[in-house]
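Secondary and tertiary structure notes
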Amino acid sequence: MSADTRQPVIAVVGGGIAGLAAALFLRDRGAAVTVLEGGPRLGGELSVSPVAGIEVDEGAEALLARRPEGTGLIEAAGLGGQLVEPGTTAASIWTRGVMRAMPRRQFLGVPADLDELASTQILSAAGLARARAEPELPGLELDGDLSVGGLVAARFGRELADRLTDPLLSGVYAGRAGELSFQATMPALAQAARAHRTLGEAARSLLPGPGPDGGAPGGPPGGQAGPPERPAPVFTTLAGGLGTLPAAVAAASGARLRTRAMVRELARTADGWRLTIGSARSPEWLDADAVILALPAQPASRLLGPVSAAAAAALAEISYASMAIITLAYPRAAFAALPPGSGYLVPAADGRPVKAVTVSTSKWPHLRASAPDLVIARCSVGRIGEEALLQRDDADLVALAAADLAAATGVRGQPAASRVTRWGGALPQYTVGHLDRVARIRAAVASCPGLAVCGAAYDGIGIPACVASAALAAGQVTGQLRARRPGR
């Protein structure tokens, strides 16, 4: 085979879901693809293992069903028949020692119905009065990027920002609302806010209206008789756990898969790239026509330093939060009454170590069917700046989580089984200016032919967003390779 007609080689550095998705998207594009993962396994923060004999996710346990990228990847990996819906997504906020229903009409902690918010009693009388004053404030002025917490506090008051917005964002990013970018974390609301005078009006514009009786959304349209149409599920998962997805995507990709293959250096060559793999004592090299970096920001920055100082510098500005998930299994009889809905969030202002709890056997009917006599709860610990908490040993974290769960729910006795999963540096922080940083990274990388980036550091940390970035990266490098072919 001549040099002009040989099969191009594409290296994907990073074996998390973004890297594996990129490999799958490259499957039918005429390239030989190698995935290089520095750790001992593929899948990144997606993993599943047994607790009390039941397979339970260690990392992400759901994805947005309304974005097609995630469910499309599941279908492409041959797991479409295993998609399951939650039995409930209703959640609560445990604050000031009382479990409060989460307002349904809110957008990531920005209220769209202050009367409904009042009924939850999440806010004090003074806090509610301040929130009700938002329509009387001057119109929104969104000049440049702002922090979510700062904007919400300016519009609705500090108490609402602390008791409603911050716990919702902390549950997603393990970050602080006062530092996270409004434009990057709430792009739909940021866009709507430009067309409305108040933030409450902008939030209402993104939510379905109330039913004909003035109650919750979802009633029959126009007041017609008959049962309401069941809304499409917001979330979905796999019957075996989302942690089963990476292996299926890897197998479907047809790529060469390597673990414990740490890429230490990336360098340009006359017609492509050279990757240095392994230890300094016994390195090996891989020559590739194109490279996709599906890595967290810091390792991507280190590799790009000699290649693009501008991209490396912008990537180095993205910080990460660490967290742990403590999974506890109890006999169902230990609960006088189960926590309502799928779980609850805890505001940082309450000073509790656990920031969120998902009652997996309530949220997912298939798990309850597998363990009818058990209650399995996933307790999330760790926000940005709480690294000292995560340095405690597993037994301490289990004791902390169990004590918080008992205080919130009244569960009696000790858990029958437990598991601690630590995710160090797992969640990128989309701080103020994030969109500008991403634009600078992508512009700098675009000046390096045959190079692309993807993953959670850029356009969203959920699985669908990571998959979308992988599809973009795969299209970029294959487009560049086609442009370099003779005769073009």
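Above this note sits the structure.
As the structure is a computational prediction, the values presented were derived from the model and not from experiment. (Residues numbered from 1 in each chain as written. Predicted model: local features only at pLDDT ≥ 70, side-chain atom pairs only at ≥ 80, totals over all residues. Heavy atoms only, no water.)

1. Some thoughts on the environment of Ala-356
- Tracing the backbone shows Ala-356 in strand S19 (residues 354–359).
- Residue classification places Ala-356 among the buried positions, given a relative accessible area of 12%.
- The spacing of Ala-356 and Ser-147 is 209 residues in sequence and 22 Å in space, taken between C-alpha atoms. (Helix = DSSP H or I, 4+ residues; strand = E, 2+ residues; numbered from the N terminus. Buried < 20%, exposed > 50% of the residue type's maximum accessible area, 1.4 Å probe, protein only.)

2. Quick notes on the sheet that holds strand S6 (residues 83–84)
- If you walk across this open sheet you meet the three strands as S5-S11-S6, and the pairing is antiparallel. Bordering the open sheet on either side are strand S5 (63–64) and S6, each of which pairs with just one other strand.
- As judged from the two bridges shared by S6 and strand S11 (residues 235–238), these two strands associate in the antiparallel manner. Paired with Val-84 across the two strands is Thr-237, which belongs to S11. (Pairing = 2+ DSSP bridges.)

3. Things to note about helix H11 (residues 297–304)
- Listed as buried for H11 are Ala-297, Ala-300, Ser-301, Leu-303 and Leu-304. Burial along H11 is one-sided: seen end-on, the buried residues are contained in an arc of 165 degrees. (Arc of directions from axis to C-beta.)

4. Description of empty space enclosed by the protein
- Per the counting criterion, the structure on display carries two cavities of 30 Å³ or more.
- In this structure, the largest cavity occupies an estimated 100 Å³ of space.
- Lining the largest cavity are 14 residues, with Asp-57, Glu-61, Trp-364, His-366 and Leu-367 positioned closest to its centre.
- At the level of secondary structure, the elements contributing two or more residues to the lining of the largest cavity comprise strand S4 (54–57), S11 and helix H14 (365–370).
- Counting residues per element, the lining of the largest cavity draws most heavily on S4, which supplies three residues.
- A per-class count over the lining of the largest cavity returns five nonpolar, five polar and four charged.
- Lining the second largest cavity are Leu-142, Gly-144, Leu-146, Phe-182, Gln-183, Ala-190 and Arg-194. (1 Å grid on protein atoms, 1.4 Å probe; cavity = no way out; pocket = protein on both sides within 12 Å on 5 of 7 lines; lining within 4 Å. Points joined across faces, edges and corners; volume = space filled by probe spheres on them. Nonpolar A, V, L, I, M, F, W, Y, C, P; charged D, E, K, R; others polar.)

5. Regarding the nonpolar core
- One finds Leu-26, Leu-73, Leu-245, Val-249 and Ile-292 to be the most contacted residues of the largest nonpolar core, which totals 40 residues.
- If you list the elements that add at least two residues to this core, you get strand S1 (9–13), helix H1 (17–25), strand S2 (32–36), helix H2 (68–76), helix H10 (245–253), strand S16 (290–293) and helix H18 (463–484).
- By residue number, the principal contributor to this core is H18, which donates eight residues.
- Ignoring anything within four residues of it in the chain, the contact list for Val-249 reads Ile-17, Leu-20, Ala-21, Leu-24, Leu-73 and Ala-77. (Core = buried A, V, L, I, M, F, W, Y, C linked by side-chain atoms within 4.5 Å. Contact = heavy atoms within 4.5 Å.)

6. With respect to the packing of aromatic side chains
- The tally for this structure, following the rule as stated, stands at three aromatic pairs.
- For the ring pair Trp-94 and Tyr-344, a centre distance of 6.1 Å and an interplane angle of 75 degrees mean the geometry is edge-to-face. Of this pair, Trp-94 sits in strand S7 (residues 91–95) while Tyr-344 sits in strand S18 (residues 343–345), and the two are 250 residues apart along the sequence. In this structure, Trp-94 and Tyr-344 share a single accessibility class: buried. (Phe/Tyr/Trp six-rings, centres within 6.5 Å; stacked < 30°, edge-to-face > 60°.)

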